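Observations on the model geometry
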Amino acid sequence: MPWLSQAQYNHCGILIPSQKSINKVKDKPSSINSFISIDEAANYIKRIVKQVPDWQQNFVLQERNGINNAYAHIQNGKRFITYDNLFVEALDYQTGTKWASVSVLAHEVGHHYFDHVLDREGSTHSKELEADYFSGYVLAKMGASIAQAKAAMAKLANPYGSHSHPPRNQRLTAIEKGYNTVKPRKKSNPYSGNFYTQQNDVRYVNVQPRSNKLVQATWFFNNGQKVSENLHYSRTTSRGARVYYNNYMQNTRRVELYFFRDGRIREKDIDLKKRRYAWYNFSRH
Ligand SMILES: [Zn+2]
C-alpha cells in the first residue's frame, strides 16, 4: 500500500493537504466561504473561546503562509496558534464543510485550554484525545451536527495512528463524548421498541409512540402475518396509565394499550359484541 506511506500527517495527526488540493483552493477562493483574512480566522477563534465558561483566550493567533499547517505552540513563553490560510481552506475543501476548519482550530485551542504546550514532550495520545473532546464540546455549543463535528477527523485523521497520535476511531469517540456533554442523545423511550406479549399466536409487538396522541403498534404473528394499528389516546386511568385504542373488524373488536408510568405496557383485547375482554402483559423483547 504505497499511498499510505506517502500520506503525511501533521503533529495532530491530520492529513496534510496535497499540493493538488492546495492549488485547487488557490484557484477557487470562493468555492466555500474562505478564510479571506486573519480577521475571519480570529472571529472563529473568538467564537470558539466564547463557548468555554470561565476561560479567556490565552494565546495569540498568527497567520503564516506556506507552512501548510495549523498548530498550537509556545515560543519565548508566549502562546500561539499559527496557521496557514490555505491549509485551513483545504480542510473545508476536502470535507465539503466549513465545520472542518472550525473543528481543527477548536482542537488547537483545546491544546491551549488544557495547557498541553507548556511541556516540551510534544503530542501524546492523551493530549490529542483531550483536544478532540474539546473540539466536540465546542462544536456542539456552536450548533454543529455530530457529523459536522466529526467531519474533519472522519476524513482526514490517520486511521492507524502513530506514537504521537491515536487512531481515527478513538478520536471520533472522543469528539462524540465532548459533543454529548452538550447535546446528549435522546434517551430511548421505554415505551418504544419490540415487546413479547402473553398472546399465544403473537411472536412480538413493535410499539412506536408517534406523539402524545398517537401510538403505532404492529403485531407480528407466528404464522408470519403482521398487523399494524394506529392507536389514539383516549384517557388516563386513575392509576395514571395512558390508554390508547383502536377499533377493528368493523367495530366489533377494540384493542387498547395501557402505558403505565413505571414503563409497563398491557394490552386489553375487547370483543365489543360479546362484551368480553382479555389482558396481555408486554415484556421487553
Ligand atoms: Zn493536536
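Under an unreviewed UniProt entry, the name given to the chain is Peptidase, M48 family, and the source organism is Microscilla marina ATCC 23134.

**Quick notes on the nonpolar core**
Core analysis: the biggest nonpolar cluster contains 43 residues, and I14, I45, I48, V109, V138 and L139 have the highest contact counts within it. Of all the elements in the fold, those that place two or more residues in this core are α3 (38-50), β2 (70-75), β3 (78-83), α4 (85-95), α5 (99-113), α6 (125-142), α7 (146-156) and α8 (168-182). With seven residues, α5 is the largest single contributor of residues to this core. With 16 residues, the next largest nonpolar core counts V202, V205, Y244 and I265 among its residues.

**Some details on the sheet that holds strand β10 (residues 265-271)**
Taken in spatial order, the eight strands of this closed barrel run β4-β5-β6-β7-β8-β9-β10-β11, and their pairing is antiparallel. Strand after strand, the sheet turns through a mean of 30 degrees between neighbouring axes, direction not considered.

**Overview of the pairing of β2**
Pairing analysis gives six bridges linking β2 to β3, with the strands arranged antiparallel. Along β3, the bridge assignment pairs A70 with Y83. Hairpin connection, β2 to β3: the antiparallel pair is bridged by two residues, and N76 has positive phi, about 50 degrees.

**Side note on the coordination of the zinc ion**
Taken together, C12 (SG), H107 (NE2), H111 (NE2), E128 (OE) and E128 (OE) make up the protein donors of the zinc ion, found 2.0 to 2.7 Å from the metal. On the primary sequence, the residues serving as donors to the zinc ion are separated as C-x94-H-x3-H-x16-E. Of this pair, C12 sits in the loop between α1 (2-6) and α2 (19-27) while E128 is found in helix α6, placing the two residues 116 residues apart along the sequence.

**Considerations on the side chain of T197**
Take T197: it is sitting in strand β4 (residues 193-197). Leaving out residues up to four positions away in the same chain, T197 has contacts with V202, V205, E267, Y280, N281 and F282.

**Quick look at the sheet that holds β3**
Overall, mixed pairing links the three strands, which are arranged β1-β3-β2 in an open sheet. This sheet does not close on itself; its edge strands, each paired only once, are β1 (60-63) and β2. Adjacent strand axes in the sheet meet at a mean angle of 30 degrees when their direction is disregarded. Along the sheet, α5 makes contact with β2 and β3, crossing β2 at roughly 25 degrees.

**What to know about the domain arrangement of the chain**
Taken domain by domain, the chain comprises domain 1 (2-182) and domain 2 (193-284). Each of domain 1 and domain 2 has a C-alpha centre, and the two are 51 Å apart.

**As for unusual backbone geometry**
Phi at N76 is positive, roughly 50 degrees, even though this residue is not glycine. The phi dihedral of D115 is positive, around 60 degrees, even though this residue is not glycine. Within the element layout of this structure, D115 appears in the loop between α5 and α6. We classify D115 as partly exposed; its relative accessible area is 36%.

Reading the values: rules and limits
- Residues numbered from 1 in each chain as written.
- Predicted model: local features only at pLDDT ≥ 70, side-chain atom pairs only at ≥ 80, totals over all residues.
- Heavy atoms only, no water.
- Core = buried A, V, L, I, M, F, W, Y, C linked by side-chain atoms within 4.5 Å.
- Buried < 20%, exposed > 50% of the residue type's maximum accessible area, 1.4 Å probe, protein only.
- Helix = DSSP H or I, 4+ residues; strand = E, 2+ residues; numbered from the N terminus.
- Pairing = 2+ DSSP bridges.
- Axes fitted to C-alpha atoms, helices over the stretch in contact; angles between N-to-C directions.
- Donors = N, O, S within 2.8 Å, 3.2 Å for Na, K, Ca; no water.
- Contact = heavy atoms within 4.5 Å.
- Domains from an automatic or database assignment.

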